[in-house]
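Descriptive structure summary
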There are 4 protein chains.
Amino acid sequence: MMKLAPPTTRHRRKEARPQELLDAALALFVRKGFSAARSEEVAALAGVSKGTLYLYFPSKEELFKAVVRRNLSALIAEGQQIADRFEGPSAQLLRLLMHTWWQRVGSTPAGGIFKIIVAEVRNFPELAQFYTDEVVVPAQRLIAGTLQRGIDRGEFRPVPLPEATHTLIAPLLFLALYQHSIGACAMMRPGLKPEALIDAQIDLMLHGLSPHTSTPLRRPRRSRA
Amino acid sequence: MMKLAPPTTRHRRKEARPQELLDAALALFVRKGFSAARSEEVAALAGVSKGTLYLYFPSKEELFKAVVRRNLSALIAEGQQIADRFEGPSAQLLRLLMHTWWQRVGSTPAGGIFKIIVAEVRNFPELAQFYTDEVVVPAQRLIAGTLQRGIDRGEFRPVPLPEATHTLIAPLLFLALYQHSIGACAMMRPGLKPEALIDAQIDLMLHGLSPHTSTPLRRPRRSRA
Amino acid sequence: MMKLAPPTTRHRRKEARPQELLDAALALFVRKGFSAARSEEVAALAGVSKGTLYLYFPSKEELFKAVVRRNLSALIAEGQQIADRFEGPSAQLLRLLMHTWWQRVGSTPAGGIFKIIVAEVRNFPELAQFYTDEVVVPAQRLIAGTLQRGIDRGEFRPVPLPEATHTLIAPLLFLALYQHSIGACAMMRPGLKPEALIDAQIDLMLHGLSPHTSTPLRRPRRSRA
Amino acid sequence: MMKLAPPTTRHRRKEARPQELLDAALALFVRKGFSAARSEEVAALAGVSKGTLYLYFPSKEELFKAVVRRNLSALIAEGQQIADRFEGPSAQLLRLLMHTWWQRVGSTPAGGIFKIIVAEVRNFPELAQFYTDEVVVPAQRLIAGTLQRGIDRGEFRPVPLPEATHTLIAPLLFLALYQHSIGACAMMRPGLKPEALIDAQIDLMLHGLSPHTSTPLRRPRRSRA
DNA sequence: AATGAATGAGATTTCATTCAT
DNA sequence: GATGAATGAAATCTCATTCAT
């Protein structure tokens with residue numbers, strides 16, 4: 001009776017365990033990498049013993065996959081929904097998508113997953129397929145679609161889609177990667193403000209380096225003359 | 001008897017050993033990561049036995065550091081020299097630097113070093129300092145300097161240097177990273193042609209997405225004709 | 001609420017628990033051996049949870065001993081009673097004892113106990129004494145007594161008792177052993193019919209391989225000449 | 001030069017290692033069973049460390065199979081050769097085969113393999129096939145062939161071959177089993193003398209329990225005198 | 001009495017490193 | 001210098017057992 005009654009300690013913990021373990025695993029995998037992170041450390045970070053971890057995940061590898069699924073799969077649909085509903089200018093949509101991504105992924109522990117993927121994917125072939133299907137393809141579709149939208153609406157020049165997509169995505173992912181690798185090792189200069197980077201990047205992408213005037217600028221230097 | 005017989009081969013090999021071991025280690029570390037690469041495999045790939053490896057490097061960890069140092073130190077000076085000597089338009093210099101980097105680093109095994117750095121730097125803190133000093137700072141100085149050159153010469157708009165630098169560097173490094181991680185796991189779409197990516201990126205960076213002119217610019221280089 | 005509702009089922013089960021657990025343990029120990037059988041499997045097979053098993057038996061080891069004791073103790077007296085009451089020819093008594101044993105033990109799960117004993121007795125020294133006292137000695141007494149009875153009544157030759165007893169018992173026990181080990185692994189030829197084996201064995205034991213005539217047959221071949 | 005020169009300590013050990021490990025494994029597997037015997041104990045008994053064991057056998061299971069192969073495969077052909085060359089009476093051949101088996105197998109550590117097989121074969125299905133092919137079938141063929149030989153030569157009655165074969169083999173195997181299980185647990189009565197058992201069994205098998213002659217035959221062999 | 005989440009000792013297996021040859 | 005047999009610390013994973021509910 002009264003399902004709302006406060007669950008017992010034991011039960012509350014039971015239900016929270018998987019998430020606690022996934023959080024601990026994410027933190028440790030990001031910090032040390034998949035193989036350097038010991039199962040027992042993950043368990044300890046989640047406040048349980050070694051054996052308990054294996055009550056919830058059958059192997060370290062499955063734990064890793066669960067971390068990826070849990071932290072990335074949810075995010076895929078979101079971006080697409082934002083794009084589908086958006087009605088304003090394409091440049092603004094690009095900016096929105098990037099800021100959203102940074103807030104939801106890049107600036108969170110989940111941003112470290114890209115580092116793990118990069119570091120370990122060659123040793124886990126099935127993960128490569130999973131990650132490509134679940135993350136790479138949808139993300140590219142989203143950005144490429146937005147570019148196409150801008151082109152169709154006359155907002156963007158007809159740039160080559162795959163290359164432009166890569167050029168747009170790379171700086172953000174690279175920043176996430178950086179922050180969880182070299183950037184995490186103190187002593188660095190303060191580094192870029194991600195939000196500022198995004199804005200600057202959007203500006204650069206929209207208007208280019210060349211100081212265009214009212215006349216078409218084909219070759220920047222000569223056009224001034 | 002006859003130990004004196006074929007001195008050339010033996011001596012040549014002896015002197016070449018360290019480099020052969022470093023090459024083998026680089027290849028294996030890039031392919032499998034630091035901890036998954038077994039010392040014995042490295043030795044085997046270099047054509048020596050396990051014990052011999054330890055005659056040249058006191059531990060796997062030191063071998064790893066030597067690999068990184070060895071393969072990055074060469075890269076530093078080159079770019080700066082190219083920039084210092086260059087006299088043409090800044091956009092062309094950017095393009096030259098990027099193509100050169102791709103030919104000399106991105107498309108070679110050394111391109112995999114960035115993956116190793118990203119994967120392991122947090123477990124080897126002293127590498128972080130080394131890498132920052134030897135690679136990150138000079139590279140940023142090089143690109144930022146080129147941007148500044150363009151701005152000074154009136155070729156580029158006065159964009160914020162750090163952000164623009166990042167935006168220029170990221171896609172190339174990211175491509176290198178990608179090719180040594182997910183991109184190495186078959187079954188992917190053919191992928192981008194790096195050379196084409198560089199050109200498209202330069203075009204995008206110079207002119208932006210927005211159609212400032214009356215005629216769209218698809219192939220900047222051709223637009224000269 | 002309604003905890004009082006179905007008392008019959010609950011009470012019946014409660015009293016039957018130990019036996020259900022012993023049966024489950026017997027089945028699993030016979031199938032997998034003592035260490036390969038997991039406690040939880042035993043409990044599950046008995047329809048209870050892991051914890052409940054430990055309410056009835058303080059450890060897996062004690063459970064094992066209880067299984068052996070429980071399933072062997074019943075077997076002892078029966079055979080002796082049959083023998084004590086029997087009035088016909090000794091050969092017929094032997095046959096009766098063997099068939100009875102096969103029906104009651106050899107062909108039932110209890111037949112697998114011998115396999116467990118053989119496999120584990122060295123790791124459970126106290127079982128050895130128990131098994132010797134409770135099974136080996138009475139069984140040998142029973143068979144040896146029957147042989148003696150036959151000899152006394154002039155039905156059998158005066159053979160050496162210990163050896164003849166062994167020779168009579170071994171084939172049946174061995175068959176039981178076989179059926180729970182190699183014989184359980186499919187792909188075998190259909191195998192012996194136990195009942196037929198018993199009859200053939202009795203015939204062999206009674207009349208021997210030699211084609212005896214009216215004259216004593218000491219060395220078969222030469223005796224023909 | 002001088003391949004006959006005494007090998008170095010290191011080398012001598014290297015070559016002897018596999019056999020030393022197999023012997024240690026056999027002893028321990030027989031004593032404790034497969035799963036209760038720890039890999040480290042096996043290594044220690046062979047005078048090496050845990051790791052060394054894995055230099056020679058890729059897993060405990062493979063070690064186990066190697067033990068079985070090594071100790072049983074050699075025995076197969078021998079018996080058949082003895083039978084093929086034998087020219088005397090079939091009863092004597094049976095006796096010879098049995099005594100030989102006892103000397104070469106039953107009374108040696110290899111006799112304990114049957115216990116291991118019985119105990120573990122259900123958990124190693126491929127072992128069942130191997131053992132059936134390599135041991136069971138050839139052994140049955142050997143004994144059945146000898147019986148047939150006796151029947152053909154008029155030395156034996158035409159008994160049913162499968163059952164008689166089983167009846168002949170079982171007591172010996174059972175004795176081996178017994179000695180490595182209950183029989184190994186001290187405090188037992190002295191037990192049967194295997195050699196005497198074999199003789200008594202042969203006598204029993206040849207002449208049966210029934211007194212066909214006017215004079216009882218207690219000791220067939222002595223009856224010649 | 002019954003449950004099953006949690007524990008942690010212990011087993012197998014790997015591999016960086018050593019060192020006798 | 002070169003080798004590769006040997007080592008043993010360490011990692012993953014299992015499972016008998018406990019105990020809060």
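Residues numbered from 1 in each chain as written. Chains lettered and ligands numbered in written order. Predicted model: local features only at pLDDT ≥ 70, side-chain atom pairs only at ≥ 80, totals over all residues. Heavy atoms only, no water.

**Description of the overall build of chain A**
When helices and strands are tallied, chain A shows 10 helices and 0 strands. Seen in sequence order, chain A has helices and strands lined up from the N terminus as α-α-α-α-α-α-α-α-α-α. Counting across all 225 residues of chain A, residues that qualify as buried make up 49%. Considering only contacts in chain A between residues 6 or more positions apart, those separated by 24 or more positions represent 67%. When the accessible surface of chain A is split by element, carbon and sulfur atoms take 55% of a total near 10800 Å². (Helix = DSSP H or I, 4+ residues; strand = E, 2+ residues; numbered from the N terminus. Buried < 20%, exposed > 50% of the residue type's maximum accessible area, 1.4 Å probe, protein only. Contact = heavy atoms within 4.5 Å. Areas by Shrake-Rupley, 256 points an atom, 1.4 Å probe, with all protein chains shown as cover.)

**Looking at the environment of Leu21 of chain A**
All names here are of chain A. One can find Leu21 in helix H1 (residues 9–32). Residue Leu21 is classed as buried on the basis of its relative accessible area of 0%. Between the alpha carbons of Leu21 and Ala44 there is a distance of 9.4 Å; along the sequence they are 23 residues apart. Contact partners of Leu21, with chain neighbours within four places excluded, come to Val42, Ala43, Ala46, Val48, Leu53, Tyr56 and Phe57.

**A few points about the interface of chain A and chain B**
With 70 residues of chain A in contact, the opposing surface of chain B contributes 71 residues. Between chain A and chain B, a total of about 6600 Å² is buried, with carbon and sulfur atoms accounting for 66% of that surface. Counting every contact that joins chain A to chain B gives 2 salt bridges. With a shortest N-O distance of 3.4 Å, Asp203 of chain B and Arg157 of chain A are connected by a salt bridge. Every element with two or more residues in the side of chain A that touches chain B is listed here: H1, helix H6 (113–120), helix H7 (125–152), helix H8 (161–180), helix H9 (194–207) and helix H10 (220–224) of chain A. Broken down by element, the side of chain A that touches chain B gets its largest block of residues, 13 residues, from H8 of chain A. Partitioned by chemical class, the residues of the side of chain A that touches chain B number 41 nonpolar, 15 polar and 14 charged. (Buried area = accessible area lost by both parts, 1.4 Å probe. Salt bridge = Lys/Arg side-chain N within 4 Å of Asp/Glu carboxyl O. Nonpolar A, V, L, I, M, F, W, Y, C, P; charged D, E, K, R; others polar.)

**Description of the protein's contact with DNA strand E**
In the vicinity of DNA strand E, 34 residues are found, and the nearest of them are Arg17, Thr52 and Tyr56 of chain A, Thr52 of chain C together with Tyr54 of chain D. Sugar and phosphate atoms form 66% of the subset of DNA strand E atoms that lie within 4 Å of the protein. Residue Ser49 of chain A places a main-chain N or O atom 2.8 Å away from a phosphate oxygen belonging to DNA strand E. Along the lines of polarity and charge, the residues of the surface near DNA strand E split into 10 nonpolar, 11 polar and 13 charged. (Near = heavy atom within 4 Å. Polar contact = N/O pair within 3.5 Å; in protein donor to acceptor, adjacent residues only side chain to side chain.)

**As for the side chain of Arg149 of chain D**
All names here are of chain D. Mapped onto the elements, Arg149 comes out in helix H7 (residues 125–152). There is no salt bridge for the buried Arg149, and the closest opposite charge comes from Glu155, which lies 4.4 Å off by N-O distance. A distance of 2.9 Å separates the side chain of Arg149 from the side chain of Ser90, its partner in a polar contact. Once you skip the residues sitting within four places of it in the chain, Arg149 turns out to touch Phe86, Glu87, Gly88, Pro89, Ser90, Leu93 and Glu155. (Lys, Arg positive; Asp, Glu negative; His and termini not counted.)

**Some words on the confidence of the model for chain A**
Residue and element names in this part refer to chain A. Here chain A averages 86 in pLDDT, while 86% of its residues score no lower than 70. The weakest mean pLDDT in chain A belongs to H10 at 40; the strongest belongs to helix H2 (residues 39–45) at 97. Every residue in residues 1–7 scores below 50 in pLDDT, and together they form 2 contacts with partners more than four places removed in sequence or on other chains. Every residue in residues 213–225 scores below 50 in pLDDT, and together they form 22 contacts with partners more than four places removed in sequence or on other chains. (pLDDT = per-residue confidence, 0-100.)

**Quick notes on the relation of the copies chain A and chain B**
Overlaying chain A with chain B gives an RMSD of 0.5 Å, the required rotation being 179° about an axis along which the chain moves by 0.0 Å. Seen this way, the second copy is the image of the first under a two-fold rotation axis. When the interface residues of chain A are mapped onto chain B, 93% of them are again interface residues, pointing to one common binding face. (Least-squares fit on C-alpha atoms with pLDDT ≥ 70 in both.)

**Things to note about the protein's contact with DNA strand F**
Taken together, the neighbourhood of DNA strand F is formed by 34 residues, with Tyr54 of chain A, Thr52 of chain B together with Arg17, Thr52 and Tyr56 of chain D sitting nearest. Take the atoms of DNA strand F that sit within 4 Å of the protein: sugar and phosphate atoms are 67% of them. Between DNA strand F and Thr52 of chain D, the relevant distance is 2.6 Å, taken from a phosphate oxygen to a side-chain nitrogen or oxygen of the residue. Looking at the surface near DNA strand F, the elements that each hand over two or more residues are helix H3 (50–56) of chain A, helix H3 (50–56) of chain B, helix H3 (50–56) of chain C together with helix H1 (9–32) and helix H3 (50–56) of chain D.

**Re the interface of chain C and chain D**
Counting residues at the interface gives 72 residues for chain C and 71 residues for chain D. Summing both sides of the interface, chain C and chain D together bury roughly 6600 Å²; the carbon and sulfur share of this comes to 66%. Summed over the three residues of chain C that lose the most area to chain D, namely Arg122, Arg157 and Leu209 of chain C, the buried surface amounts to 14% of that side. Counting across the chain C and chain D interface gives 2 salt bridges. The interface formed by chain C and chain D includes 17 residue pairs in polar contact (both at pLDDT 80 or more). Broken down by secondary-structure element, the contributors of at least two residues to the side of chain C that touches chain D are helix H1 (7–32), helix H6 (113–120), helix H7 (125–152), helix H8 (161–180), helix H9 (194–207) and helix H10 (220–224) of chain C. In terms of residues, the side of chain C that touches chain D owes the most to one element, H8 of chain C, which gives 13 residues. For the side of chain C that touches chain D, a count of residues per class yields 41 nonpolar, 17 polar and 14 charged.

**Details of the packing of aromatic side chains**
Within this structure, the stated rule accounts for 32 aromatic pairs over all chains. Ring centres of Phe29 of chain B and Phe64 of chain B lie 5.6 Å apart, and the angle between their planes is 85°; this geometry places the pair in the edge-to-face category. Here the residue Phe29 of chain B occupies a position in helix H1 (residues 7–32), and Phe64 of chain B occupies one in helix H4 (residues 60–85), the gap between them amounting to 35 residues. The pair Phe29 of chain B / Phe64 of chain B is uniform in exposure class, with both members buried. A ring pair is formed by Phe114 of chain B and Tyr131 of chain B, whose centres lie 6.2 Å apart and whose planes are at 70°; its orientation type is edge-to-face. Here the residue Phe114 of chain B occupies a position in helix H6 (residues 113–120), and Tyr131 of chain B occupies one in helix H7 (residues 125–152), the gap between them amounting to 17 residues. Each of the two residues, Phe114 of chain B as well as Tyr131 of chain B, counts as buried. For the cation-ring pair, Lys60 of chain B lies above Phe34 of chain B, with the distance from its terminal atom to the ring centre recorded as 4.7 Å. Taking the ring centre of Phe130 of chain C as reference, the NZ or CZ of Arg69 of chain C above it sits at 5.3 Å. (Phe/Tyr/Trp six-rings, centres within 6.5 Å; stacked < 30°, edge-to-face > 60°. Lys NZ or Arg CZ within 6 Å of the ring centre and 35° of its normal.)

**Considerations on the relation of the copies chain C and chain D**
If you rotate chain C by 179° and push it 0.1 Å along the axis, it lands on chain D with an RMSD of 0.3 Å. Here 92% of the interface residues in chain C have copies in chain D that are interface residues too; the copies meet face to matching face.

**Remarks on the packing of H8 of chain A against H9 of chain A**
All names here are of chain A. Remark: H8 packs on H9, axes separated minimally by 11 Å, with the N-to-C direction vectors making an angle of 160°. One element, H8, and the other, H9, form an angle in the roughly antiparallel class. For H8 against H9, the interelement crossing comes out right-handed. Here H8 contributes Thr167, Leu168, Pro171, Leu172, Leu175 and Gln179 to the contact with H9, which in turn contributes Pro194, Leu197, Ile198, Gln201 and Met205. Residues of the contact of H8 with H9, tallied by class, amount to 8 nonpolar, 3 polar and no charged. (Axes fitted to C-alpha atoms, helices over the stretch in contact; angles between N-to-C directions. Parallel < 35°, antiparallel > 145°, perpendicular 65-115°, else oblique. Left-handed = near helix turned anticlockwise from the far one by under 90°.)

**Points about the environment of Ala44 of chain D**
Among the secondary structure elements, Ala44 of chain D is positioned in helix H2 (residues 39–45). Judged by relative accessible area, Ala44 of chain D falls into the exposed class, the value being 53%.

**Things to note about the pattern of salt bridges**
Following the criterion strictly, the structure yields 33 salt bridges over all chains and no others. Notably, a salt bridge pairs Arg38 of chain C with Glu40 of chain C, separated by 3.8 Å at the nearest N-O pair. One salt-bridge network, held together by shared partners, links Glu62, Lys65 and Glu126 of chain A.

**Focus on H6 of chain C**
In terms of burial, H6 of chain C is a largely internal element, 8 of the 8 residues being buried. Restricting attention to buried positions, one finds in H6 of chain C the residues Ile113, Phe114, Lys115, Ile116, Ile117, Val118, Ala119 and Glu120 of chain C.

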